[in-house]
Amino acid sequence: MNNSLINQSFKNAKKENRPALLTYIVAGDNSKKKSLEILKSISKYADICELGFPHNTPIADGGQIQTSSYRAIKNGIKINDVFSIVSKFKKIKNNKPIILMGYYNMIYQYNENKFISKCRQSKVDGLIVVDLPYPENKKFAIKCKKKKINFIQLISPTTSKLRLKKIIKNSHDMVYYISMLSTTGGKLKVSPQKILKEYQKIKNLNKSKNVVIGFGITEKTIKSLKKADGLVVGSQICKEITSSLKKRQNPVINVTNVVRKLINKIR
Amino acid sequence: MKIKKNIPLIDQHDKYGFWGGKFGGSFIPETLKKPVEDLTKEFQKLRKNKVFLKKKDYYFKNYIGSPTPFLKLENLSTHLGGAQIWAKVVSDANGGAHKIYNATVHALICKAMGKKYIVGDTGAGYAGKMLSMAAKKFGLKCKIFMGAKDIKRQKPNCIAIRKNGAEIIPVYSGSQTLVDAVSECMRYWVSNCDNTHMCVGSTVGPNIFVKICGFSTTQISRELKTQLKKEFKKIPKKIKLINCVGGGSSAYGFWSEFIDYDKKQIELIGVEAGGPEKSKLHAAPLSRNAKIGILHGAASYVCQDKEGQINETESISAGLDYPGVSPIHCFLKDTKRARYTYATDEAALNAYKMVTKFEKLNPSLEPSHAFAEAIKIAPKLSKDTILIVNSCGDAKKDRDILKKRLGKY
């Protein structure tokens, strides 16, 4: 998948001598229309956009993303709406990669094959499935690859050396390194030096893989991890949506401001 | 799909942890892979370790108080006519419920692994109470995750948990019941798995937790087997073992030694929570034919909507108020070894009233569901049929609910 949009985005960022910025929002937060607007607006600054398909029993998400997910579900988001948001977005921004992220039960109920085909149809570029680790995800990852969809493997500080090698071998264009033992949105409790050291270990196994770092990354911490291929910000963005709604302000404007600040920190 | 003989059911899974090729597994975030693997290795080792097993048996006998009584409910049997009704009074175990077995084993494992902190989920509060007891006994720091709704309705157990020096973390997300407590507990473990051991309160969750819990509660049927032989000289010809099923830990423990018997001789009946008569909500994924889904790291029948969102459940009994169920029970259902049905809130309350009227027994609302089924079928059965109900919890914790619904406790 060498010429994938995801690969391209990393190359483009590298040309500018900076890490790629990956943003995460929950599809349908706080409505289908609004989340599409947010997506369109932040994609001016984000290199890759992650879009969560919300689940009401998320075992690895912290408070901010849980709040966004519950809000989206309450407002009636369905999986097919998630795909239609992607399709609509892609009609305008054909070149911006979209990664869907969520929990396996949603895919299982939709049917794996149907889900992957639908991803392909709506031009989804990649998939992250939080609770489908290696080696359980082997077959699924192969199915994704056949449809030219990047299956993104996760690696955590607890991943053993042997396991790391196997995961990298089975990974596609992008690998996601979880910075610390935490759910999403936790405070960064490990020093950036230490995180980058672990990151380098992954890089050394295969330089051609784009390794991104996520969890605990905010406006405050993003600069310190600039050396990575890419950095993911999710909870801070979800939090901004929540606080905009509370203040009765337009989340599109506020979230876009946050993302602009984020990219400026790593430029 | 077939059950093998002479192998404990907890070990009849494939290399990915699935029973019958589709129930169970370990659907966990990458961060938990290592701690789950470590725990799996440790448990495999300890299970074969004679010193550990001796220690376990010692505490089961001297701390938990095994064996728990097995007795005939003469008055209830006479009143109903038909089958003989017996009870295995597991609620006589230290702490007042079967949850003490799993909690004790987890505390011993936690010690063996050199971890100082232990966390667990609870619905009815028994799993939490027992874990806090075991933690205190073995000198571990303990946190219990409990839904805010359950904290309100199971006050006596909360008081006990705090008295034992454990901290209760109230969970306000979702329906504020057991399902959310388990999720929050898992999230906590994701963040603290380097120094903390997690105890899942039932035979649910990632494969290894199903196994550890099943390994612990199996004590119930081991005792019962001996007691049956003593009482009847041999295992009687017509037995029905009736147990309530929420996550399914007491039912598995009550049945495990009898699974190899022909079902014509020993029938296994699981009773789920049917919820209020007038409500559409329930917590009965097996008997109301829910679809397979993934919840808390395992595939099982789960109350959920078409999209895969987990449904809210409703039951008067906090311990059964859970949308999923053990993969082992899914396996027992699909192989037709066990039969599953449900009892409504009202039926459970009526059963409680009847049992307490005729017998010196005080079953909590969970086993009252099992009694409801026993009361329903006993009159239609022959006198030589032995109905045994696992009275796996004591009703002290239900004081407030019983007062409100029955006007007295």
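Everything below is about the structure printed above this text.
Residues numbered from 1 in each chain as written. Chains lettered and ligands numbered in written order. Predicted model: local features only at pLDDT ≥ 70, side-chain atom pairs only at ≥ 80, totals over all residues.

(A) Main features of the sheet that holds strand β6 (residues 141-147) of chain B. Residue and element names in this part refer to chain B. If you walk across this open sheet you meet the 4 strands as β7-β6-β5-β8, and the pairing is parallel. Of all strands in the sheet, those with a lone pairing partner are β7 (167-171) and β8 (196-199), marking the two edges. Across the sheet, the axes of successive neighbouring strands diverge by a mean angle of 25°, strand direction being ignored. Looking at chain direction, strand β5 (residues 117-122) and β8 are connected through 4 bridges and run parallel. Looking at β8, one finds that Gly120 is bridged to Cys199. Sheet contacts for helix α4 (residues 99-112): β5 and β8; angle to β8, the most-contacted strand, approximately 160°. Contacts from helix α8 (residues 178-192) reach β5, β6, β7 and β8 within the one sheet, and its direction differs from that of β5 by about 160°. (Pairing = 2+ DSSP bridges. Helix = DSSP H or I, 4+ residues; strand = E, 2+ residues; numbered from the N terminus. Axes fitted to C-alpha atoms, helices over the stretch in contact; angles between N-to-C directions. Contact = placed C-beta atoms within 7 Å.)

(B) Representation of the interface of chain A and chain B within the structure. Counting residues at the interface gives 30 residues for chain A, matched by 31 residues for chain B. Looking at the side of chain A that touches chain B, the elements with two or more residues in it are α3 (63-74), α5 (104-110) and β6 (153-155) of chain A. Per-element tally for the side of chain A that touches chain B: the top contributor is α5(A), with 5 residues. A class-by-class count of the residues in the side of chain A that touches chain B yields 14 nonpolar, 13 polar and 3 charged. (Nonpolar A, V, L, I, M, F, W, Y, C, P; charged D, E, K, R; others polar.)

(C) Spatial organisation of the nonpolar core. Formed by 218 residues in total, the largest nonpolar core has its most connected members in Leu127(A) and Leu231(A). With 8 residues, α8(B) is the largest single contributor of residues to this core. Both domains that meet at this core, namely domain 1 (25-61 + 99-214) and domain 2 (65-96 + 218-406) of chain B, each give it at least three residues. Once you skip the residues sitting within four places of it in the chain, Leu127(A) turns out to touch Ile99(A), Leu100(A), Cys119(A), Cys144(A), Ile149(A), Phe151(A) and Ile152(A). (Core = buried A, V, L, I, M, F, W, Y, C linked by C-beta atoms within 7 Å. Buried ≥ 20, exposed ≤ 12 C-beta atoms within 10 Å, placed from the backbone. Domains from an automatic or database assignment.)

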